Structures are given as structure tokens and as C-alpha cells.
Amino acid sequence: MPGTKQVLIDADALVGLINQNDALHSRCLQILGFLSKNNHSTIIHPPTILEAATALSRGIKRPDLAKQLLADYSQLEPVVLPSEIFSKLISVYDPTVTTKNTPFDYFLLAYEKLKQIDVIFSFDLFYKKHGLTLAEKLLV
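Presented here is a report on the structure given in the accompanying data block. (Residues numbered from 1 in each chain as written. Predicted model: local features only at pLDDT ≥ 70, side-chain atom pairs only at ≥ 80, totals over all residues. Heavy atoms only, no water.)

### What to know about the side chain of His25
- Summarising the element assignment, His25 is placed in helix H2 (residues 25-37).
- His25 sits in the buried class, given a relative accessible area of 14%.
- For His25, the side chain forms a polar contact with the main-chain oxygen of Leu17, separated by 3.3 Å. (Helix = DSSP H or I, 4+ residues; strand = E, 2+ residues; numbered from the N terminus. Buried < 20%, exposed > 50% of the residue type's maximum accessible area, 1.4 Å probe, protein only. Polar contact = N/O pair within 3.5 Å; in protein donor to acceptor, adjacent residues only side chain to side chain.)

As C-alpha cells, then:
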């Protein structure tokens, strides 16, 4: 049964959930518990899983957690991307604004705009600046 609200999941949330040593781990568990308890449906794109696995493997130096993450989501039903996702990505991606935000961040933003999703499970203020609600704000 679909949840009352769709919530897009970002890679930082996946990293925080799987890595017990992550500074956001307990907050991630609390947010996930809230989303589950309140029957919100979550959307996790395969590229998000790869982004999180890359961060775990390369950035955090935990390839074991990267493999665990890949295994945990190996049976996930892939989200079908809208055919216009890349044309929307090109329309929202502005490489002159900042080098901090990657094309991947804009990919999620483009998906959100196409699907009219207004909540993202992320801690990146980039999304808030673009009008999304960070999932943690739902707890307040």
C-alpha cells in the first residue's frame, strides 16, 4: 500500500543508515522509523545505491559496508525513470553555481520535479534551497 507521502532517499541517508560510526546514524534510524510508522513510501534509485556504495568504499574506506549495501538492495524492484529525466536534468543542472553539488544531486532534483515529490531523506541543504523539505523536518 503506498504511503501517504512519497519520500526520495539520498545517498547520505543510506550511508548514515548502514554505517554505525556515521555521525548521522542515530538521526537516520529515527527518521526511517518515523517514515515507516507513518506509512510514507520511499523511493530509492539504483544510482543512489551506487553513489552511497562509492562513498562507503572510497570516501569512508569501508568497502565491506559498500558490499553489504549492494547486497541489501540487490532484490529491490528498480524504479522506472521517466524518459525525460536527462532532458530535465540538463534544464536544472547549473555547473556555474557551485562545484560542491554534483550532477547526481541535480539528477535527484530533476526526478523530484518530474514526479512532484516534495520530501527528501537527506541532510544536504542544497535540496532545501531548491524547495524540498528535508525528511527530518517531518519529525518536528
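Don't stop here, the text continues.
### Considerations on the layout of surface pockets
- Computed from the structure, the largest pocket encloses a volume of approximately 300 Å³.
- Considering the residues around the largest pocket, the lining is formed by 15 residues, among which Asp10, Ala11, Asp12, Glu51 and Ala55 are closest to the centre.
- Those elements that provide at least two residues to the lining of the largest pocket are helix H1 (11-18), helix H3 (46-59) and helix H6 (103-115). (1 Å grid on protein atoms, 1.4 Å probe; cavity = no way out; pocket = protein on both sides within 12 Å on 5 of 7 lines; lining within 4 Å. Points joined across faces, edges and corners; volume = space filled by probe spheres on them.)

### Digging into unusual backbone geometry
- Here the phi dihedral of Lys61 falls at roughly 60°; this positive angle occurs in a residue that is not glycine.
- Assignment of secondary structure puts Lys61 in the loop between H3 and helix H4 (63-72).
- Classification of Lys61 by relative accessible area gives exposed; the value is 61%.

### Description of the side chain of Asp10
- Relative to the assigned elements, Asp10 resides in the loop between strand E1 (6-9) and H1.
- Buried charge without a partner: Asp10 forms no salt bridge, and the closest opposite charge is Lys100, 9.5 Å away.
- Setting aside residues no more than four positions away along its own chain, Asp10 makes contact with Thr48, Phe104, Leu108, Ile120, Phe121, Ser122 and Tyr127. (Lys, Arg positive; Asp, Glu negative; His and termini not counted. Salt bridge = Lys/Arg side-chain N within 4 Å of Asp/Glu carboxyl O. Contact = heavy atoms within 4.5 Å.)

### Examining the pattern of salt bridges
- Applying the stated criterion across every chain, the model contains 3 salt bridges.
- Where Asp118 meets Lys5, a salt bridge forms, and the shortest distance between an N and an O atom there is 3.5 Å. Placement of the pair is Asp118 in the loop between H6 and strand E3 (119-121) and Lys5 in the segment before E1, with a sequence separation of 113 residues.
- In this structure Lys5 comes out as partly exposed when scored by relative accessible area, which is 26%.
- Between Glu136 and Arg27 there is a salt bridge, with its nearest N and O atoms 2.7 Å apart. Within this pair, whereas Glu136 is found in the segment after strand E4 (133-134), its partner Arg27 is found in helix H2, the two being separated by 109 residues in sequence.

### Some thoughts on the sheet that holds E3
- In spatial order, the strands read E2-E1-E3-E4; together these 4 strands make up an open sheet with parallel pairing. Either end of the sheet is taken by a strand with one partner, and the two such strands are strand E2 (41-43) and E4.
- One ladder, built from 3 bridges, connects E1 with E3; its direction is parallel. Bridging across to E3, Leu8 finds its partner in Ile120.
- H2 contacts E1, E2 and E3 of the sheet and is inclined by roughly 135° relative to E3. (Pairing = 2+ DSSP bridges. Axes fitted to C-alpha atoms, helices over the stretch in contact; angles between N-to-C directions.)

Nothing here speaks to function; it is geometry throughout.
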